[in-house]
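Descriptive analysis of the structure
Each chain is listed here by its residues.
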Amino acid sequence: MSKTISDLQSSLIKSNSSGILSGFSVLLASNPDEIDLLNQSCFGKPITTIDKDKQWFQLTLEEAFYLSFSLNCIKIVTGDNIIKTNNELWDYMISKRESFPYFFKAYSHLRAKNWVVRSGCQYGVDFVAYRHHPSLVHSEYGVLVFSEGNRNGIGDGNGNGNGNGNGNDRLRVWSDFQCTLRLSGSVAKTLLILYVKNKNGENGVVEDSLCCLENYSVEERTITRWNPERCREDQGNVENGNSKCKN
């Protein structure tokens, strides 16, 4: 996957590609070579337009900022074709979704580890992570993003949380855990919690500044259901194994 992303990066830089801000997404016009690379690297989704000469891809806010800021391979412009600087783009993303800093940090964290990251709304999570291309394997993880910032809880994934400020509103009671774990298990996924923390605590750089990314760290935790029947079987095997050794 890293080789494909490197090829995509080179191709987008060579073609001087630019994406157009469109509400909560970014539209990117692509040439035939880039279409294949975008599909292989799993960025955006193709959309149908009246423009027969170009194939357009709709990028999420995280995908667009990753290509623009992290890979530095596309420019992002307004409808008036005015190029947005990284800081202007950061402000725009936060204006659209207050929790964007945490989600982008989580997204880039997984991408840096060569996971393929897609939207997880279909499964009631923020992202799903694939080890390889989605056409080859099922996603291994359903990902929820939590934060320890001073803002309101992340809540529904759109910056509309109404919690106590630690971003953990969605799993505050055991029934939430049970529902989420059962759903993840029913679609053969492990629940992965990503805690985005400010390494400098409350005195760190505020989220309104792009510099805050340097102060963020990500802690990974997987949550699985305890199966007492399987634990009994495992214990039995261990005891049988020990008795055989003694004999």
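Residue positions are given per chain, counting from 1 as you read along its sequence in written order. At least 70 in pLDDT is required for a residue's local features to be given in this predicted model, at least 80 for side-chain atom pairs to be given and counted, and no such filter applies to totals for whole chains, interfaces and linings, which use all residues. With hydrogens and water stripped out, all remaining heavy atoms of the structure feed into the side-chain values.

- With an unreviewed UniProt entry as reference, the chain is termed tRNA-intron lyase, source organism Lactuca virosa.
- UniProt positions are given in the numbering used here, feature names are shortened, and annotations may be inferred rather than shown by experiment. According to its UniProt record, the chain has this under Catalytic activity (unreviewed entry): "pretRNA = a 3'-half-tRNA molecule with a 5'-OH end + a 5'-half-tRNA molecule with a 2',3'-cyclic phosphate end + an intron with a 2',3'-cyclic phosphate and a 5'-hydroxyl terminus."

**Description of the packing of helix 3 (residues 61-70) against helix 5 (residues 100-112)**
- Note on method: axes are straight lines fitted to C-alpha atoms, helices fitted across the in-contact stretch only, with angles between N-to-C directions ranging 0 to 180 degrees. Helix and strand assignments come from DSSP, with helices taken as H or I runs of at least 4 residues and strands as E runs of at least 2, each series counted from the N terminus. For the pair helix 3 and helix 5, interaxial distance at closest approach is 10 Å and the crossing angle is 65°. With respect to each other, helix 3 and helix 5 are oriented roughly perpendicular. Between helix 3 and helix 5 lies a crossing of right-handed hand. Here Leu-61, Glu-62, Glu-63, Phe-65, Tyr-66, Phe-69 and Ser-70 of helix 3 lie close against helix 5, whose contacting residues are Phe-100, Phe-103, Phe-104, Tyr-107, Ser-108, Arg-111 and Ala-112.
- Among the residues forming the contact of helix 3 with helix 5, the class breakdown is nine nonpolar, two polar and three charged. In these notes the angle categories are as follows: under 35 degrees is roughly parallel, over 145 is roughly antiparallel, 65 to 115 is roughly perpendicular, and the rest is oblique. By definition, any crossing whose near helix is turned counterclockwise from its far helix by less than a right angle is left-handed, and any crossing with a clockwise turn is right-handed. In this analysis, two residues are considered to be in contact whenever any of their non-hydrogen atoms come within 4.5 Å of each other. Classes in brief: Ala, Val, Leu, Ile, Met, Phe, Trp, Tyr, Cys and Pro nonpolar; Asp, Glu, Lys and Arg charged; the others, Gly included, polar.

**Topic: the layout of surface pockets**
- Grid points spaced at 1 Å and placed over the protein atoms alone form the basis of the search, with a cavity being a set where a 1.4 Å probe fits but cannot get out and a pocket an open set showing protein on both sides within 12 Å along at least five of seven lines. Lining residues have an atom within 4 Å of a point. Grid points are joined across faces, edges and corners, and a volume is the space filled by probe spheres set on the points. Counted as a void, the largest pocket has a volume near 840 Å³.
- Surrounding the largest pocket, 35 residues form its lining, Thr-60, Ser-119, Gly-120, Cys-121 and Asp-126 being those nearest its centre.
- Among the elements of the structure, strand 4 (55-60), helix 3, helix 5, strand 6 (116-119), strand 7 (127-130) and helix 6 (174-186) are those that each provide at least two residues to the lining of the largest pocket.
- Looking at the lining of the largest pocket residue by residue, the class counts come to 15 nonpolar, eleven polar and nine charged.

**Considerations on the packing of aromatic side chains**
- Here a pair means two rings of Phe, Tyr or Trp (six-membered ring of Trp) with centres within 6.5 Å. Their orientation is stacked below 30 degrees between planes, edge-to-face above 60, and tilted elsewhere. Within this structure, the stated rule accounts for 13 aromatic pairs.
- Their ring planes at 20° and their centres at 6.2 Å tell us that Phe-43 and Tyr-66 sit as a pair that is stacked. Of this pair, Phe-43 sits in the loop between helix 2 (32-41) and strand 3 (45-47) while Tyr-66 sits in helix 3; the two residues are 23 residues apart in sequence, bridging distant segments of the chain. Across the pair, Tyr-66 and Phe-43 agree in class, each one buried.
- Look at Tyr-107 and Phe-127: their rings are 6.0 Å apart centre to centre, the planes differ by 55°, and that puts the pair in the tilted class. Here Tyr-107 is found in helix 5, whereas its partner Phe-127 is found in strand 7, with 20 residues between them in sequence. This pair shows no difference in class: Tyr-107 is buried, exactly as Phe-127 is.
- An aromatic cluster is built from Phe-43, Tyr-66, Phe-103, Tyr-107 and Phe-127, whose rings are joined through pairwise contacts.
- Any Lys NZ or Arg CZ that is within 6 Å of a ring centre and within 35 degrees of that ring's normal is treated as a charge sitting over the ring. Stacked on the ring of Tyr-123, the Lys or Arg Lys-189 has its end atom at 4.6 Å from the ring centre. Under the scheme applied here, a residue whose accessible area is under 20% of the maximum for its type counts as buried, over 50% as exposed, and between as partly exposed, the area being computed with a 1.4 Å probe on protein chains only.

**Here we look at the sheet that holds strand 4**
- A pair of strands is considered paired only if DSSP assigns at least 2 bridges between the two. Strand order in the open sheet formed by five strands is 3-4-2-1-5, and the pairing between neighbours is mixed. The open sheet has two free edges, formed respectively by strand 3 and strand 5 (75-77), since each of these has just one partner strand. Strand-to-strand twist of the sheet, defined as the mean angle between neighbouring strand axes without regard to direction, takes the value 35°.
- Where strand 1 (residues 18-22) meets strand 2 (residues 25-30), four bridges bridge the pair, whose relative direction is antiparallel. Residue pairing across strands places Leu-21 opposite Val-26, the latter belonging to strand 2.
- Strand contacts of helix 2: strand 2, strand 3 and strand 4, with the helix running at about 135° to strand 2, the strand carrying the most contacts.

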